[in-house]
Amino acid sequence: MTPRKIPLKTSTIDTPLTLKERQQFEFYYPRLHEIVHAQLRCYRMPQVDKEDLYQETMLKLLRVIPHFEFKDRQPLDHYVRKVVKSVKNDYLRYALKCEIRQESLINDRRTEYQEVTTQDPVVTFITAESERVVLAQHIETLSRIERAVIYFIIQGFEIKEIATLLNKDHKAIYNAIHRAKVKLREALVTTRDKV
């Protein structure tokens, strides 16, 4: 398995690398690739997550390898394994945080749904009754033809029958219905806003 060449884009890092830093990373890249892949093979997780971890680890190493003290007692293999472990822990912490947030959102929606479904029937009746009273008051403010059309619709008459009873054209009845609906909707919205 030949190591992939990773593109060294400066847009993925805060400050551009110098030529020396780039050459140093490219020199150590095959060894880093082997160590990171060996470490990732030990983890039991989906391949997609391993690829994400690989990229995150290589980006982190890209920033730190040029400053690594190779004269120190700590071997490079040990250091890279620690970086992989650190990246994995950060990744798992973030995944857990997202999962907890998603569960929280789902539970919030369940609670809201249960509140709506278990609403007290007395409260529902009182609310509906008060809205009916407000609606009846606003119906009185409609024009004579709009009131008549609403009255006949409530009684269950068809549009053709209403047009015949009021001696009007079908379009006039439809227009009256539309105007009445707009006026009543506006009146109900303003009433709810006041409450």
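Above: the structure in question.
Residues numbered from 1 in each chain as written. Predicted model: local features only at pLDDT ≥ 70, side-chain atom pairs only at ≥ 80, totals over all residues. Heavy atoms only, no water.

In this section: the overall build of the chain. When helices and strands are counted, the chain shows seven helices and zero strands. The helix and strand sequence of the chain, counted from the amino end, reads α-α-α-α-α-α-α. The proportion of buried residues among the 195 residues of the chain is 26%. Nonlocal contacts in the chain, meaning residues at least 24 apart in sequence, comprise 62% of its contacts between residues at least 6 apart. (Helix = DSSP H or I, 4+ residues; strand = E, 2+ residues; numbered from the N terminus. Buried < 20%, exposed > 50% of the residue type's maximum accessible area, 1.4 Å probe, protein only. Contact = heavy atoms within 4.5 Å.)

With that out of the way, let us pick up the nonpolar core. Looking at soluble globular proteins, one finds that nonpolar side chains tend to be buried together. In terms of nonpolar packing, the biggest core is built from 21 residues, with Phe-25, Leu-32, Val-36, Met-58, Leu-61 and Val-80 touching the most fellow members. Counting residues per element, the ones that place at least two in this core are α1 (19-41), α2 (47-64) and α3 (76-117). Looking at this core, the element that brings in the most residues is α1, giving seven residues. Core analysis: the second largest hydrophobic core is formed by ten residues, Phe-152, Ile-159, Ala-163 and Ile-173 among them. (Core = buried A, V, L, I, M, F, W, Y, C linked by side-chain atoms within 4.5 Å.)

This model, assessed by the stated rule, comprises three salt bridges. One salt bridge in this structure joins Arg-93 and Asp-90, with 2.8 Å as the shortest N-O distance. Taken together, the positions of Arg-93 and Asp-90, both in helix α3 and three residues apart, correspond to about one turn of that helix. Its relative accessible area of 51% is what places Arg-93 among the exposed residues. (Salt bridge = Lys/Arg side-chain N within 4 Å of Asp/Glu carboxyl O.)

In the structure shown here, the tally under the stated rule is two aromatic pairs. With a centroid separation of 5.3 Å and 80° between ring planes, the pair formed by Phe-152 and Phe-157 is classed as edge-to-face. Judged by its relative accessible area of 16%, Phe-152 falls in the buried class. What links up through ring pairs into an aromatic cluster is the set Tyr-151, Phe-152 and Phe-157. (Phe/Tyr/Trp six-rings, centres within 6.5 Å; stacked < 30°, edge-to-face > 60°.)

When two helices pack together, their arrangement is given by the angle between the helix axes and the distance between those axes. Across the interface, α1 lies against α2 with an axial gap of 11 Å and an inter-helix angle of 145°. α1 and α2 meet at a crossing whose hand is right-handed. Within the contact between the two elements, α1 uses Phe-25, Tyr-29, Leu-32, His-33, Val-36, His-37, Leu-40 and Arg-41 and α2 uses Lys-50, Leu-53, Tyr-54, Thr-57, Met-58, Leu-61 and Leu-62. Of the residues in the contact of α1 with α2, the class split is ten nonpolar, three polar and two charged. (Axes fitted to C-alpha atoms, helices over the stretch in contact; angles between N-to-C directions. Left-handed = near helix turned anticlockwise from the far one by under 90°. Nonpolar A, V, L, I, M, F, W, Y, C, P; charged D, E, K, R; others polar.)

A word on the side chain of Thr-57. As for its placement among the helices and strands, Thr-57 is situated in helix α2. Apart from the residues within four sequence positions on either side, Thr-57 is in contact with Val-36, Val-83, Val-84 and Val-87.

Phi is positive for Asn-167, which is not a glycine, with a value near 55°. The residue Asn-167 is located in the loop between α6 (159-166) and α7 (170-194) in this model.

Before going further, it helps to spend a moment on the environment of Tyr-29. Assignment of secondary structure puts Tyr-29 in helix α1. For Tyr-29, a relative accessible area of 5% corresponds to the buried category. Remark: the alpha-carbon pair of Tyr-29 and Leu-62, spanning 33 residues in sequence, is separated by 9.1 Å. One polar contact links Tyr-29 to Tyr-54, side chain to side chain, over a distance of 2.9 Å. (Polar contact = N/O pair within 3.5 Å; in protein donor to acceptor, adjacent residues only side chain to side chain.)

Between the first and last C-alpha of helix α5 (residues 144-155) there are 17 Å, a value that for twelve residues agrees with the 16 Å anticipated at 1.5 Å per step. Where α5 ends, the next residue or the one after it, Gly-156, has phi of about 95°, a positive value. (Expected span 1.5 Å × (residues − 1).)

Between the first and last C-alpha of α2 there are 26 Å, a value that for 18 residues agrees with the 26 Å anticipated at 1.5 Å per step. Taken together, the buried positions of α2 are occupied by Lys-50, Leu-53, Tyr-54, Thr-57, Met-58, Leu-61 and Leu-62.

The next point concerns the side chain of Lys-50. Considering the arrangement of structural elements, one finds Lys-50 in helix α2. One buried charged residue, Lys-50, remains without a salt bridge, the closest side chain of opposite sign being Asp-49 at 9.7 Å. Within polar-contact distance, the side chain of Lys-50 engages the backbone oxygen of Tyr-43 at 3.1 Å. Setting aside residues no more than four positions away along its own chain, Lys-50 makes contact with Leu-40, Arg-41, Tyr-43 and Met-45. (Lys, Arg positive; Asp, Glu negative; His and termini not counted.)

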